[in-house]
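The lines below spell out each chain.
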Amino acid sequence: MAKLQSYALSVALTKMKHSIITAKSGQKCLVLPIDDNYLTAIEKDGQTAVYMQTDVVTMDSEDTNGNWGFQVQKLPSDIWKSLGSEKAKEVKDLPYLGNLKIFVKKSTDSTEPVNIEIEETDDLPF
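These notes cover the structure that comes with them. No experiment lies behind these values; they were computed from the predicted model shown.

Going through the model one piece at a time under the given rule, you end up with 1 aromatic pair. Their ring planes at 25° and their centres at 5.6 Å tell us that phenylalanine 70 and tyrosine 96 sit as a pair that is stacked. Within this pair, whereas phenylalanine 70 is found in strand β7 (residues 69–73), its partner tyrosine 96 is found in strand β8 (residues 96–103), the two being separated by 26 residues in sequence. Assessed through its relative accessible area of 25%, phenylalanine 70 is described here as partly exposed. Exposure remark for tyrosine 96: the relative accessible area of 38% places this residue in the partly exposed category.

As structure tokens, then:
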């Protein structure tokens with residue numbers, strides 16, 4: 001069975017181009033311009049889904065702040081292709097989004113494998 005690893009990532013959305021507005025209800029809202037932030041909007045069945053491509057870079061040891069890596073925004077491939085590789089490399093405003101921490105879940109299961117002895121009998125009709 002594969003060993004699962006739990007990671008925690010916090011994304012600093014305010015590092016992206018944004019505005020904070022207050023709705024009529026008084027609730028604060030974060031507004032992220034889709035094109036200015038190199039986000040991808042996909043329309044399907046009357047619904048719009050918005051995606052952000054990112055890279056997660058991991059390290060083989062923990063840094064001084066307890067981080068095992070970081071997450072950065074990645075330029076979507078369709079934008080990379082439309083700009084061309086030279087112009088795409090000039091895009092410098094992609095944000096550093098946050099750090100990666102690893103959490104090890106502590107198991108509370110203290111059971112050990114149990115050996116069961118089965119007594120064989122010939123009482124079976126087949």
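This is not the end of the story, as more comes after the structure.
Before going further, it helps to spend a moment on the pairing of β8. One ladder, built from 4 bridges, connects strand β1 (residues 6–9) with β8; its direction is antiparallel. Bridged to tyrosine 7 within β8 is isoleucine 102. Both β7 and β8 contribute to a ladder of 4 bridges, which runs antiparallel. From the neighbouring strand, glycine 69 faces β8, where its bridge partner is leucine 100.

Bringing the sheet that holds β1 into the picture now. In space, the 4 strands of this open sheet follow the order β1-β8-β7-β6, with antiparallel pairing throughout. Strands with a single pairing partner mark the edges of an open sheet, and in this sheet they are β1 and β6 (54–58). This sheet shows a mean twist of 25° between the axes of neighbouring strands, independent of strand direction.

We now examine a nonpolar patch on the surface. A surface patch of nonpolar side chains, amounting to about 310 Å² of accessible area, comprises Val11, Leu13, Ile20 and Leu30. Mapped onto the elements of the fold, leucine 13 is located in the loop between β1 and β2 (19–22).

Turning to its location among the elements, asparagine 37 is positioned in the loop between β3 (28–31) and β4 (40–44). Taking relative accessible area as the criterion, asparagine 37 reaches 4% and is therefore assigned buried. Those residues in contact with asparagine 37 that lie beyond four places of it in its chain are Met16, Lys17, Leu32 and Gln73.

So, about unusual backbone geometry. Of note, the phi angle at tyrosine 38 is positive, near 55°, even though the residue is not glycine. Mapping tyrosine 38 onto the fold places it in the loop between β3 and β4. In the Ramachandran plot, aspartate 45 falls in the positive-phi region, its phi being about 55° despite a non-glycine side chain. Note that aspartate 45 resides in the loop between β4 and β5 (47–51). We classify aspartate 45 as exposed; its relative accessible area is 73%.

The rules we used
Residues numbered from 1 in each chain as written. Predicted model: local features only at pLDDT ≥ 70, side-chain atom pairs only at ≥ 80, totals over all residues. Heavy atoms only, no water. Phe/Tyr/Trp six-rings, centres within 6.5 Å; stacked < 30°, edge-to-face > 60°. Helix = DSSP H or I, 4+ residues; strand = E, 2+ residues; numbered from the N terminus. Buried < 20%, exposed > 50% of the residue type's maximum accessible area, 1.4 Å probe, protein only. Pairing = 2+ DSSP bridges. Axes fitted to C-alpha atoms, helices over the stretch in contact; angles between N-to-C directions. Patch = residues over 30% accessible without salt bridge, like charges linked within 9 Å, V, L, I, M, F, W, Y side chains within 5 Å. Areas by Shrake-Rupley, 256 points an atom, 1.4 Å probe, with all protein chains shown as cover. Salt bridge = Lys/Arg side-chain N within 4 Å of Asp/Glu carboxyl O. Contact = heavy atoms within 4.5 Å.

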